[in-house]
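Coordinate inspection notes
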Amino acid sequence: MSKSLIAAVVLFCVLQTTFGLYFHISETERKCFIEEVPDETTVIVNYKVELYDPRSNGFMPSSPGIGMHVEVRDSDDKVILSRVYSSEGRISFTSHIPGEHVICMYSNSTAWFSGAQLRVHLDIQVGEHAIDYANVAQKEKLTELQLRIRQLLDQVDQITKEQNYQRYREERFRHTSESTNSRVLWWSLAQTFVLVCMGFWQMRHLKSFFEAKKLV
């Protein structure tokens with residue numbers, strides 16, 4: 001039972017930190033993806049652009065002139081990456097603050113393919129999943145045991161970052177809740193004060209009316 005639970009948790013973490021997909025985009029479209037990233041975490045985006053071919057009724061490798069403009073914004077809406085890439089490539093950036101990072105992609109020009117449709121294959125990897133351990137082992141000449149220890153250390157480091165990020169989210173949510181509750185309290189007090197003032201004014205108005213009519 002415990003092994004099944006651990007396996008489910010590991011699978012969930014993997015799905016949370018890496019995914020692959022493809023989408024269609026035209027010359028005027030802009031596609032954006034939101035990725036929640038802890039601070040000081042490496043994110044790698046692999047992409048490949050294919051151009052629709054009406055003769056074969058399918059998608060073919062795009063010409064060298066067609067590229068993608070990639071823009072990345074952090075949770076403070078600050079641009080941390082904005083440049084034009086080729087039709088196939090690898091994008092890497094490191095987060096400096098935790099939170100939602102928005103990755104937007106759109107075609108670099110409309111003149112080359114005149115309204116044709118593009119298919120973009122996208123693969124986003126976060127944290128230790130963005131590390132090429134085969135390259136690390138070859139570069140640093142690590143044994144299989146040393147490489148495994150390196151992977152475990154990176155996983156522990158990533159888990160620590162995820163825990164810190166969850167604490168950060170919890171603290172931000174608590175501040176938001178406290179601020180909302182405080183505003184609701186002050187709004188209720190303001191409504192009560194207005195009602196008391198209106199009741200007092202109505203009582204004085206009625207008293208003046210009865211005195212004018214000599215009813216009291």
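Everything numeric here is computed off the predicted structure, so don't read it as measured data. Each residue is numbered by its place in its chain's sequence as written, counting from 1. Per-residue local features of the predicted model are confined to residues with pLDDT of at least 70, and side-chain atom pairs are confined, for both listing and counting, to 80 or more; whole-chain, interface and lining totals are unaffected and use all residues. Here the side-chain values reflect all heavy atoms present in the structure, with hydrogen atoms and water set aside.

Describing the confidence of the model for the protein chain
Of the residues in the protein chain, 83% reach a pLDDT of 70 or more, and the chain-wide mean stands at 79. Throughout residues 1-18 the model reports pLDDT below 50, and contacts reaching past four residues in sequence, or to other chains, amount to ten contacts. By definition, pLDDT measures how confident the predictor is in each residue, and it falls between 0 and 100. By definition in these notes, contact holds between two residues if any of their heavy atoms fall within 4.5 Å.

Focus: the sheet that holds strand E8 (residues 99-107)
In spatial order, the strands read E2-E8-E5-E6; together these four strands make up an open sheet with antiparallel pairing. Pairing within the sheet leaves two strands with one partner each, and these edge strands are strand E2 (31-37) and strand E6 (79-85). Across the sheet, the axes of successive neighbouring strands diverge by a mean angle of 15 degrees, strand direction being ignored. For two strands to pair, DSSP has to find at least two bridges joining them. Numbering goes from the N terminus for both helices and strands, where a helix is a DSSP run of H or I of at least four residues and a strand is a run of E of at least two. Two elements, strand E5 (residues 68-73) and E8, share six bridges in a ladder whose sense is antiparallel. Bridge pairing in E8 places glutamate 71 opposite cysteine 104. Axis geometry follows a simple rule: fit a line to the C-alpha atoms, using only the stretch in contact for helices, then measure angles between N-to-C directions, giving values from 0 to 180 degrees.

Concerning the UniProt feature "coiled-coil region" (unreviewed entry) in the protein chain
UniProt positions are given in the numbering used here, feature names are shortened, and annotations may be inferred rather than shown by experiment. Under the present numbering, the feature "coiled-coil region" (unreviewed entry) in UniProt falls on residues 135-162. Counted over residues 135-162, helix gives 89% and strand 0%. Its end C-alpha atoms are 25 Å apart.

A closer look at the state of the cysteines
Covalent bonding between the sulfur atoms of two cysteines is what defines a disulfide. In this description, the term disulfide denotes a pair of cysteine sulfurs within 2.5 Å. Enumeration over the complete set of coordinates arrives at one disulfide. Note that cysteine 32 is cross-linked by a disulfide to cysteine 104, the S-S spacing being 2.0 Å. The chirality of the disulfide connecting cysteine 32 with cysteine 104 is right-handed, given an S-S dihedral of about 105 degrees. Taken together, the residues span a long stretch of sequence, with cysteine 32 in strand E2 and cysteine 104 in strand E8 at a distance of 72 residues. Under the scheme applied here, a residue whose accessible area is under 20% of the maximum for its type counts as buried, over 50% as exposed, and between as partly exposed, the area being computed with a 1.4 Å probe on protein chains only. Relative accessible area serves as the criterion here: at 39%, cysteine 32 is assigned to the partly exposed category. Looking at cysteine 104, the relative accessible area reads 5%, which means it is buried.

What about the nonpolar core?
Take the buried residues of types Ala, Val, Leu, Ile, Met, Phe, Trp, Tyr and Cys, join any two whose side-chain atoms come within 4.5 Å, and each joined set is a nonpolar core. Ranked by internal contacts, the top residues of the largest apolar core, which has 23 residues, are Tyr47, Met105, Val120 and Leu122. Those elements giving two or more residues to this core turn out to be strand E1 (18-25), E2, strand E3 (42-53), E5, E6, strand E7 (88-94), E8 and strand E9 (118-126). Ranked by the residues each element gives to this core, the list is headed by E9, at five residues. In this structure, valine 120 is in contact with Leu21, Tyr22, Phe23, Ile25, Tyr47, Lys48, Val49, Met68 and Met105, ignoring residues within four places of it in sequence.

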